[in-house]
Amino acid sequence: MDFSNKVVIITGASSGIGASVAVLYAKQSAKLVLTGRNEQSLNTISKQCEEVNGIKPLIVKADVTDDNDIKKIVLNTIEHFGRIDVLVNNAGVGVRASILDGVKPFDEAIATNIRSAYLLTSLATPYLIESKGNVVNVSSVAAFGPIKGVDFLPYCISKAAMDQFTKCVALELGPQGVRVNSVNPGCTRTPFAEAAGFTKDNVTQLYTQRAESYPLRKVAERDEVADLILYLSSDRARSITGSVYVIDNGEMLV
Ligand code: NDP
C-alpha cells in the first residue's frame, strides 16, 4: 500500500483513531493534512508523522462546525500540496441526550458528525475526481440502531445519516472514478467516551462490560480501525465502493 505522492486529509487527526491513521499513512509515505481544533495535539502528531517519513504534514486548525474553517481545509491543502487523493472524514463527537432535552444536542451531533463531512466532501470532490481519489467516512455501529444502556440518541441519528451519505455519494461519484466507503467501529479504546462526558471510572467499567459481552471478548484498539481505513483508501480496495465496514469484535452478532 504505497501512498507516496498521495495527499491525504484527515479530520480529527489530533486524537484517537485520526491520530493513529495519520501515523499509519506516514509509514506509507503519504503527504498529510492534519486538522482538528487542538493545535498542540496536532503539532505532536505532526512531529510523529515527520519522524516516520521526513515529510512535514500541513496542519490546518479547524472547527468542522464552522463553514469557513472547512473551506480553509480545502483551500490550504490545494495551495500547499496542489491535489487531494484521500479524504478521511473522521472528526466526531459522542453527543448524548434524551428526546426530552430539546433540539440543541441534535444540532450539535448533526453539525459535527455529518454536516461537516457533507460540506468537506462537496468541496473536495472536484479534486478527488481529478485524482480518481476516494473518501473514507468514520461512522459507527451506532448507525444500525440504538446502543442499549447509552443515551446516544443524537449520535446514533448522525451516524445513520453518515452511512446513507456514504452510499448516495458512492453511487453519484462512482462513474467518475471516485470511491466512497465507511468504517463502522464498535467500542474502541480512545478518548472518545471521556469526550462524551463519561468519567474515567465509567469508561474502565464500560470497556470491561463491553469486552465481556463481545464474542471476541475485547474492545477494538485504535490502530485496528486505522488499518481498515488505510486499506479501504488504498488501491488494493479498488473494487470497493459504497460499502459499510463493521469492525466491532462481533458486537453486532449479540
Ligand atoms: P477522539 O475523541 O479521540 O477523537 C475525536 C476527534 O474529533 C478529535 O481529534 C477531535 O479534535 C475531533 N473533533 C471533534 N469535534 C470537532 C470539531 N467540532 N471540529 C474539529 N474536530 C473535531 O475519538 P475517536 O478517535 O474514537 O473518534 C474518531 C471517530 O470514530 C469519531 O467520528 C467517532 O464517532 C468514531 N467512533 C468512535 C468509537 C469509539 O468507541 N471510540 C466507536 C465508533 C465510532 P479536536 O478536539 O482537536 O477538535
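Thresholds, definitions, all that
- Residues numbered from 1 in each chain as written.
- Predicted model: local features only at pLDDT ≥ 70, side-chain atom pairs only at ≥ 80, totals over all residues.
- Heavy atoms only, no water.
- Helix = DSSP H or I, 4+ residues; strand = E, 2+ residues; numbered from the N terminus.
- Expected span 1.5 Å × (residues − 1).
- Buried < 20%, exposed > 50% of the residue type's maximum accessible area, 1.4 Å probe, protein only.
- Salt bridge = Lys/Arg side-chain N within 4 Å of Asp/Glu carboxyl O.
- Near = heavy atom within 4 Å.
- Polar contact = N/O pair within 3.5 Å; in protein donor to acceptor, adjacent residues only side chain to side chain.
- Areas by Shrake-Rupley, 256 points an atom, 1.4 Å probe, with all protein chains shown as cover.
- Nonpolar A, V, L, I, M, F, W, Y, C, P; charged D, E, K, R; others polar.
- Axes fitted to C-alpha atoms, helices over the stretch in contact; angles between N-to-C directions.
- Parallel < 35°, antiparallel > 145°, perpendicular 65-115°, else oblique.
- Left-handed = near helix turned anticlockwise from the far one by under 90°.
- Contact = heavy atoms within 4.5 Å.
- Arc of directions from axis to C-beta.
- pLDDT = per-residue confidence, 0-100.
- Pairing = 2+ DSSP bridges.

> Any chance you could explain helix α5 (residues 153-173) here in plain terms?
Owing to its 3.6 residues per turn, the α-helix brings residues three or four apart onto one side. Between its terminal C-alpha atoms α5 stretches 30 Å, which fits the 30 Å expected from 21 residues at 1.5 Å a residue. Among the residues making up α5, those that are buried are Pro154, Tyr155, Cys156, Ser158, Lys159, Met162, Asp163, Phe165, Thr166, Val169, Ala170 and Leu173.

> Sorry if this is basic, but what is going on with the pattern of salt bridges here?
Two side chains carrying opposite charge are able to pair once their charged atoms lie near each other. Under the criterion given, the structure shown has 9 salt bridges. A salt bridge links lysine 6 to aspartate 235; the shortest N-O distance between them is 3.7 Å. Of this pair, lysine 6 sits in the segment before β1 (7-10) while aspartate 235 is found in the loop between α8 (222-233) and β9 (244-247), placing the two residues 229 residues apart along the sequence. Lysine 6 sits in the partly exposed class, given a relative accessible area of 23%. Aspartate 85 is paired through a salt bridge with arginine 83; the nearest N and O atoms lie 2.6 Å apart. Residue class for aspartate 85 comes out buried when judged on its relative accessible area of 3%.

> For this particular structure, what's the right way to read the site of the ligand?
Neighbouring the ligand are 29 residues; Ser14, Ser15, Arg37, Tyr155 and Thr190 lie closest to it. In the environment of the ligand, an oxygen atom lies 3.1 Å from a nitrogen or oxygen atom belonging to the backbone of glycine 12. Threonine 190 is positioned such that a nitrogen or oxygen atom in its side chain is 2.6 Å from an oxygen atom of the ligand. Look at the ligand: alone it shows 870 Å² of surface, and the protein chains cover 92% of it. Those elements that place two or more of their residues in the shell around the ligand are α1 (16-27) and α5. Looking at the shell around the ligand residue by residue, the classes come out as 11 nonpolar, 15 polar and 3 charged.

> Quick question: what am I supposed to make of the packing of α1 against helix α2 (residues 39-53) here?
Helix-helix packing: each pair is described by the crossing angle between the helix axes and the interaxial distance. One way to put it is that α1 packs onto α2 with a least axis distance of 8 Å and a crossing angle of 20°. When the interaxial angle is binned, α1 and α2 end up roughly parallel. You can see that α1 and α2 cross each other, and the crossing is right-handed. Contacts between α1 and α2 involve Ala19, Ala22, Val23, Ala26 and Lys27 on the former and, on the latter, Ile45, Gln48, Cys49, Val52 and Asn53. Per-class residue counts for the contact of α1 with α2 are 7 nonpolar, 2 polar and 1 charged.

> How should helix α7 (residues 200-213) be read in this particular structure?
In this model α7 runs 20 Å from its N-terminal to its C-terminal C-alpha over 14 residues, within 8% of the 20 Å that 1.5 Å per residue would give. Those residues of α7 not exposed but buried are Val203, Leu206, Tyr207, Arg210 and Ala211. Buried residues of α7, seen end-on, are gathered within an arc of 125° and therefore sit on one face of the element. With respect to the buried face of α7, the exposed residues turned more than 90 degrees away are Asp201 and Glu212. Where α7 is buried, its residues touch β7 (188-189) and α6 (192-195).

> Explanation requested: the confidence of the model for the chain in the structure shown.
As a general rule, the predicted coordinates of low-pLDDT regions are not to be interpreted in detail. Per-residue pLDDT for the chain has a mean of 97; in total, 100% of the residues score no lower than 70. Under the prediction, the complex receives an ipTM of 0.99, its pTM being 0.98.

> How should the sheet that holds strand β6 (residues 179-185) be read in this particular structure?
Strand pairs in the sheet, formed through backbone hydrogen bonds, run parallel or antiparallel to each other. Ordered by their spatial adjacency, 7 strands build an open sheet running β3-β2-β1-β4-β5-β6-β9, and the pairing between neighbours is parallel. Each having just a single partner strand, β3 (58-61) and β9 make up the two edges of the open sheet. For this sheet, the mean inter-axis angle between neighbouring strands, taken without regard to orientation, is 15°. Two strands pair when backbone bridges link them, and β6 and β9 are joined in this way by 4 bridges, in the parallel orientation. Across the sheet, the residue bridging to valine 183 is tyrosine 245, located in β9. Running over the sheet, helix α3 (residues 67-81) touches β1, β2 (31-36) and β3 and is turned about 160° from β3. Where α8 meets the sheet, it contacts β4 (86-89), β5 (134-138), β6 and β9, and its direction lies at approximately 165° from that of β6.

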